[in-house]
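Descriptive structure summary
Each chain, letter by letter, is given below.
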Amino acid sequence: MKVLLTGGAGYIGSHTCLELLVAGHEVVVIDNFSNSNPIVFDRIESICGRRPTVYQDDVCNSDGVSEVLLAHQIQAVIHFAGLKALGESAEQPLRYYNNNVQGSLSLLSAMKTAKVRILAFSSSATVYGSPNIIPINEDAPTSATNPYGRSKIMVEEILRDLTVADDSLHIALLRYFNPVGAHESGLIGEDPTGIPNNLMPLISQVASGRREVLQIYGDDYPTVDGTGIRDYIHVMDLARGHVAALDWLQERKGVHAFNLGTGQGKSVLEVIQSYETTTGQAVPYQIVGRRLGDVAACYADSSLAERELGWKAQLSVDEMCRDEWNWQNNNPNGYRK
Ligand code: NAD
Ligand code: UDP
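For clarity, every value in this text was computed on a predicted model and none was experimentally measured. (Residues numbered from 1 in each chain as written. Chains lettered and ligands numbered in written order. Predicted model: local features only at pLDDT ≥ 70, side-chain atom pairs only at ≥ 80, totals over all residues. Heavy atoms only, no water.)

Thoughts on the overall build of the chain
Keep this limit in mind: The helix count covers DSSP runs of H or I at least four residues long, the strand count covers runs of E at least two residues long, and both are numbered beginning at the N terminus. Radius of gyration: C-alpha atoms only; globule rule: 2.2 Å multiplied by the number of residues to the exponent 0.38. Partly exposed describes any residue whose relative accessible area lies between the buried limit of under 20% and the exposed limit of over 50%, with all areas from a 1.4 Å probe on protein chains only and scaled to the type maximum. Surface accessibility follows the Shrake-Rupley procedure with a 1.4 Å probe radius. Residue values consider only the protein chains on display as shielding. Note that His is not counted, nor are the chain ends; the positive residues are Lys and Arg, and the negative ones are Asp and Glu. All charge positions are set by atom: Lys at NZ, Arg at CZ, Asp at CG, Glu at CD.
Broken down by element type, the chain carries eleven helices and 14 strands. The C-alpha atoms of the chain give a radius of gyration of 19 Å, which matches the 20 Å a tight globule of 337 residues would have. By its C-alpha atoms, the chain is 55 × 45 × 40 Å across when sized along the principal axes. Looking at the chain as a whole, 53% of its 337 residues are labelled buried. Of the accessible surface of the chain, which amounts to about 14,700 Å², a share of 47% is contributed by carbon and sulfur atoms. Across the chain, 27 positive and 39 negative side-chain charges occur, with their mean positions spaced 3 Å apart.

Dropping the structure here:
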């Protein structure tokens, strides 16, 4: 298939790009490199011997996107491009709505012009807000506590409206849980700019000595050891989930939500222990107060994706930690020299 990845240079996009190339697909990328580095495509080529065609552009440039769709006779789009920092979204809501909602509208117009009907959208478990029942299934109500989460819910709703008006569309809402880890080569991985927000890159920075201590946000949650529980998923499993979703979508019209998680919850302390055991690196930590807006536990019921897409996450938390460390250790400055 000829597939366009918006945001294909980013963390999840680059690993998915690699998997699609390995599976024999033709890949085109549009990225404005606001949070990524084009060097990633050299790395991808050195892993698999192939590279995508790359355009530096913004998804908000609808005419530019439709030209690319038409020029390459694109059959399917995966829409990764977006901003993703929850805290920042509360400080800069306009920027988030422009990039995430306006960007999606502009892409959808371009797809309409070019008659591209297959779309997988990067959504998030954050659309479940504070879940009442765990594991969470796709029918759980959605709610948001910040503009980032609301932007994902808005785009999901827009996509539902579109499929009511146009029954020729094939759309998957892929709700990622907590992607971590890196390709096993250590050549591509997550390269956060500034101070990371998420647990795993912070653990890596403490393990490598770049940071002194990890702050654990609360040990008084009603969980196994009092620390927060999340569903960490290896980014390569997630990448394979996209390949499976595109295959499945070719024969399925309408809009379909899928949780992409492992179905297993792990506490912060369990992740730290796994990291220390698998890498031999110490991760000093201190317990501090809870982080505003955090939920005690969030993990997926991933049975729908298994049943429908024939996809199931395979890699363990130990493998996530091993690959995260391998990437961090080989690339202490990320893609920068
Ligand atoms: P990332 O920042 O690494 O990748 C996003 C890519 O999109 C970057 O390469 C960036 O340069 C590009 N981009 C951003 N705005 C753009 C625009 N307007 N036009 C063109 N390119 C643009 O993020 P990621 O972790 O790979 O996330 C990808 C998608 O998955 C995002 O939509 C994010 O909201 C969603 N998601 C991520 C996580 C996570 O924990 N990483 C969890 C759930 C959902
Ligand atoms: N967490 C932590 N210290 C940190 C960052 C995160 O204790 O420096 C905890 C956080 O409270 C949550 C888990 O790690 O329980 C995962 O946090 P992350 O931000 O990675 O994911 P999210 O909460 O958005 O699912």
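Once the structure has been displayed, the description carries forward.
A few points about the site of ligand 2
Test applied: Residues are counted as near a molecule or strand when any one of their heavy atoms sits within 4 Å of it. Here a polar contact is taken to be a pair of N or O atoms separated by no more than 3.5 Å, where protein atoms must pair a possible hydrogen donor with a possible acceptor and residues adjacent in sequence count only if both atoms sit in side chains. All amino acids are sorted into three groups, where Ala, Val, Leu, Ile, Met, Phe, Trp, Tyr, Cys and Pro are nonpolar, Asp, Glu, Lys and Arg are charged, and the leftover types, Gly among them, are polar.
The environment of ligand 2 is made up of 14 residues, and the closest members are Leu199, Gln215, Arg230, Arg291 and Asp294. In the environment of ligand 2, a nitrogen atom lies 2.7 Å from a nitrogen or oxygen atom belonging to the backbone of glutamine 215. One of the side-chain nitrogen or oxygen atoms of aspartate 294 is found 2.5 Å away from an oxygen atom of ligand 2. Burial of ligand 2 by the protein amounts to 89% of the accessible area it has alone, namely 520 Å². Secondary-structure elements contributing two or more residues to the shell around ligand 2 are helix H7 (199-207) and strand S8 (214-217). The element best represented in the shell around ligand 2 is S8, accounting for three residues. Among the residues making up the shell around ligand 2, the classes are represented as six nonpolar, five polar and three charged.

Looking at the pairing of S8
The criterion, for reference: Whether two strands pair depends on DSSP finding at least two bridges between them.
With burial as the criterion, only one face of S8 is covered, namely that bearing Leu214 and Ile216; the residues Gln215 and Tyr217 on the opposite face remain uncovered. Pairing of S8 with strand S13 (residues 285-288) involves four bridges; the strand directions are parallel. Residue pairing across strands places leucine 214 opposite tyrosine 285, the latter belonging to S13.

Side note on unusual backbone geometry
Note that the residue after isoleucine 134, namely proline 135, is joined by a cis bond; omega there is -5°. With respect to the helices and strands, the residue proline 135 is situated in the loop between strand S5 (118-124) and helix H6 (147-165). For phenylalanine 33, which is not glycine, the phi dihedral falls at a positive 55°. Secondary-structure assignment places phenylalanine 33 in the loop between strand S2 (26-31) and helix H2 (39-48). Unlike most non-glycine residues, glutamine 73 shows phi in positive territory, near 50°. With relative accessibility at 56%, the residue glutamine 73 sits in the exposed group.

A short note on the side chain of histidine 79
The topology assignment puts histidine 79 in strand S4 (residues 76-79). Using a relative accessible area of 3% as the deciding quantity, one classes histidine 79 as buried. At a separation of 2.7 Å, a polar atom in the side chain of histidine 79 contacts the side chain of threonine 6.

Looking at the packing of aromatic side chains
Basically, it comes down to this: In this scheme Phe, Tyr and Trp rings, the latter by its six-membered ring, pair at centre separations within 6.5 Å, and the angle between planes marks the pair as stacked below 30 degrees, edge-to-face above 60, and tilted otherwise. Consider the ring centre and the ring normal. A charge sits over the ring if Lys NZ or Arg CZ is within 6 Å of that centre and within 35 degrees of that normal.
Summed over all chains, the structure comprises four aromatic pairs. Centroid distance tryptophan 327 to tyrosine 335: 5.0 Å. Interplanar angle 55°. Geometry classified as tilted. By the burial criterion, tryptophan 327 is buried, and tyrosine 335 matches it. Sitting above the plane of the tyrosine 221 ring, arginine 290 keeps its charged end 4.0 Å from the centroid.

Regarding helix H11 (residues 317-330)
Put simply, the test is: Take the residue count of a helix, subtract one, and multiply by 1.5 Å to get its expected span.
For H11, with 14 residues, the first-to-last C-alpha span of 20 Å sits near the 20 Å given by 1.5 Å per residue. Three or more residues of H11 are buried, namely Val317, Met320, Cys321, Asp323, Glu324, Trp325, Trp327 and Gln328.

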